[in-house]
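Structural overview
Here's the letter readout for the chains.
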Amino acid sequence: AWKKPIAGGAILGAMILGAIFPAVNIVVGAMTGSVIAMLSGVTDHVAHGGPIVAVLGAVDHVAMFFVAVIAGIAVTVLMLRILKPTLQHTAVAAANGVTVADLSETETSDVYTKTETFDSITEIMSDEAIVLGETATTKDGVIEDLVQRLEKTAAITDKNGFKEVIYDREKESTTGIGMGIAIPHGKSAYVLKPTVAFARSQDGVEWHSLDGKLAHMIFMIAVPENSQGDMHLKILQRLSRKLMDDDFRQALMDAPDKAAVHQLLSEM
């Protein structure tokens with residue numbers, strides 16, 4: 001009879017998790033299951049494997065087969081839990097043209113002027129720069145609205161000039177980082193002070209995001225061209241740190257008014 005070793009983690013782990021988990025996690029899980037199956041002498045008498053074949057008697061050492069499968073899945077899930085925050089944080093940085101090294105530098109950098117330090121995002125954000133129910137339905141509309149808010153709060157000197165800076169950045173690569181978030185940003189001489197504006201759309205706005213989903217939370221970052229210490233990286237780091245949290249994003253979507261949104265953003 002034809003026999004072959006069973007790759008325990010790959011058989012069921014890849015079937016269940018393959019469509020949604022990063023490949024690296026599946027590989028590690030499959031390797032774990034395969035090694036356990038091989039060392040336990042698990043073999044298959046037919047040209048295909050799986051739990052049904054095992055139950056029907058075509059697999060030797062059935063108990064160890066399932067041990068290998070469970071171990072493979074467990075390692076895959078564990079790897080996902082360990083790597084998910086890092087992968088998401090890296091995705092935020094990559095989508096905005098920032099390296100992980102850049103973000104690390106912002107954690108220890110002291111090269112900020114007194115006017116460019118802040119303890120919370122809300123210190124560089126006013127209620128007038130928060131747009132909720134009246135959010136535009138298109139990307140261009142949202143950008144126009146947020147730039148107008150920046151102009152009203154005296155954060156920029158030239159609305160059209162800064163809007164051009166925003167669009168130039170959008171041409172480089174999408175600022176839709178996924179998870180329903182977009183972070184358009186610009187560093188320009190038209191900006192007088194570091195500022196963040198926020199728009200929320202319950203229906204979602206097409207932003208050509210990395211994950212193909214609509215953007216529901218849009219943060220616009222405006223930083224002066226002569227800003228010291230890469231202020232935009234500091235702001236980006238603050239945003240990404242909290243926005244990686246599923247519960248925080250949901251709370252931001254559910255916040256009933258600007259006061260509630262402001263309270264949540266004060267945690268950044």
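Everything below is about the structure printed above this text.
Let me sum up the structure you'll find in this document. Just so it is clear, the structure is predicted and the values come from calculations on it, not from any experiment.

**A word on the overall build of the chain**
- Along its length, the chain carries 10 helices and eight strands.
- When each of the 268 residues of the chain is scored for burial, the buried share is 46%.
- Sequence-distant contacts in the chain: of pairs separated by 6 or more residues, those separated by 24 or more amount to 71%.
- For the chain, the exposed surface amounts to about 12900 Å²; the carbon and sulfur share of it is 59%.

**Looking at the side chain of S201**
- Inspection of the secondary structure assignment puts S201 in strand β7 (residues 195-205).
- Taking the relative accessible area as the measure of exposure, S201 reaches 7% and is therefore buried.
- Leave out the neighbours within four places in its chain, and S201 touches T135, A215, H216 and M253.

**Regarding helix α9 (residues 246-254)**
- Those residues of α9 that sit buried are F248, R249, L252 and M253. The buried residues of α9 occupy an angular sector of 140° when the element is viewed end-on, so they sit on one face. More than 90 degrees from the buried face of α9, the exposed residues found are D247 and D254.
- Along its buried surface, α9 packs onto β5 (181-182), β7, β8 (215-224), α8 (231-243) and α10 (258-265).
- Sitting at the head of α9, D245 places a side-chain oxygen 2.8 Å from the backbone nitrogen of D247.

**What about the environment of A259?**
- Checked against the element boundaries, A259 lands in helix α10.
- A relative accessible area of 55% places A259 in the exposed class.
- In sequence terms A259 and D127 are 132 residues apart; their C-alpha atoms lie 8.0 Å from each other.

**Details of a nonpolar patch on the surface**
- Judged by side-chain polarity, V35, M38 and L39 come together as a nonpolar surface patch covering roughly 330 Å² of accessible area.
- Residue position: V35 is located in helix α2 (residues 23-39).

**Description of the environment of F248**
- Residue placement: F248 occurs in helix α9.
- Overall, the relative accessible area of 5% leaves F248 in the buried class.
- Setting aside its immediate chain neighbours within four residues, F248 contacts K242, L243, L264, E267 and M268.

**A look at α8**
- Here α8 is 13 residues long and its end C-alpha atoms lie 18 Å apart, about the 18 Å a rise of 1.5 Å per residue gives.
- Along α8, 10 of the 13 residues are buried, which leaves the element largely enclosed by surrounding structure.
- Those residues of α8 that fall on the buried side of the exposure criterion are M231, L233, K234, I235, L236, Q237, R238, L239, S240 and L243.

**Quick word on the pairing of β7**
- Burial within β7 is extensive, with nine of its 11 residues counted as buried.
- Taken together, the two bridges between strand β3 (residues 130-131) and β7 define a ladder with parallel strand orientation. Residue pairing in the sheet places I130 in a bridge with F198 of β7.
- Bridge count between β7 and β8: seven bridges; the pairing is antiparallel. Following the sheet pairing, V205 is matched in β8 by A215.

**Observations regarding the nonpolar core**
- Of all hydrophobic cores here, the largest spans 29 residues; its most connected members are I121, F198, F219, I235, L239, L243 and L252.
- Of all the secondary structure elements, the ones that give two or more residues to this core are β7, β8, α8, α9 and α10.
- Of the residues forming this core, the biggest block, five residues, is contributed by α8.
- Here I235 is in contact with F118, I121, I124, P194, V196, I221 and V223, once residues within four sequence places are set aside.
- One finds V147, F162, V165 and W207 within the second-largest nonpolar core, a separate group that totals 22 residues.

**Focus on unusual backbone geometry**
- You will see that A154, though not glycine, has its phi angle at about 60°, which is positive.
- Inspection of the secondary structure puts A154 in the loop between α6 (139-152) and α7 (159-172).
- Relative accessible area serves as the criterion here: at 45%, A154 is assigned to the partly exposed category.
- The backbone phi angle of M179 is positive, close to 60°, even though this residue is not glycine.
- As for its position among the elements, M179 is in the loop between β4 (176-178) and β5.

Quick notes on the rules
- Residue indices follow the written sequence of each chain, beginning from 1 at its first position.
- Totals for whole chains, interfaces and linings use every residue, but because this is a predicted model, local features are given only for residues with pLDDT of at least 70 and side-chain atom pairs only at 80 or more, for both listing and counting.
- Hydrogen atoms and water are omitted, and side-chain values are computed over all heavy atoms in the structure.
- Helix and strand assignments follow DSSP, with helices taken as H or I runs no shorter than four residues and strands as E runs no shorter than two, numbered in order from the N terminus.
- Each residue is assigned to one of three classes by its accessible area relative to the maximum for its type, calculated with a 1.4 Å probe on protein chains only: buried under 20%, partly exposed between the two thresholds, exposed over 50%.
- Working rule for contacts: check all heavy atoms of both residues, and any pair within 4.5 Å makes them a contact.
- Using a 1.4 Å probe, the Shrake-Rupley method yields the accessible areas, and only the shown protein chains count as cover for residues.
- By definition, the arc is the one covered by directions from the helix axis to the C-beta atoms.
- A 3.5 Å cut-off defines polar contacts: any pair of N or O atoms within that distance qualifies, except that in protein one atom must be a possible hydrogen donor and the other a possible acceptor, and neighbouring residues in sequence count only when both atoms are side-chain atoms.
- Here, patches come from residues exposed beyond 30% relative accessible area and free of salt bridges, joined within 9 Å for like charges and within 5 Å for nonpolar side chains (Val, Leu, Ile, Met, Phe, Trp, Tyr).
- Salt bridges are defined by distance alone: a side-chain nitrogen of Lys or Arg within 4 Å of a carboxyl oxygen of Asp or Glu.
- Helix span, expected: 1.5 Å multiplied by one less than the number of residues in the helix.
- Two strands are said to pair when DSSP picks up at least two bridges between them.
- Buried Ala, Val, Leu, Ile, Met, Phe, Trp, Tyr and Cys residues that are joined via side-chain atoms within 4.5 Å together make up what is termed a nonpolar core.

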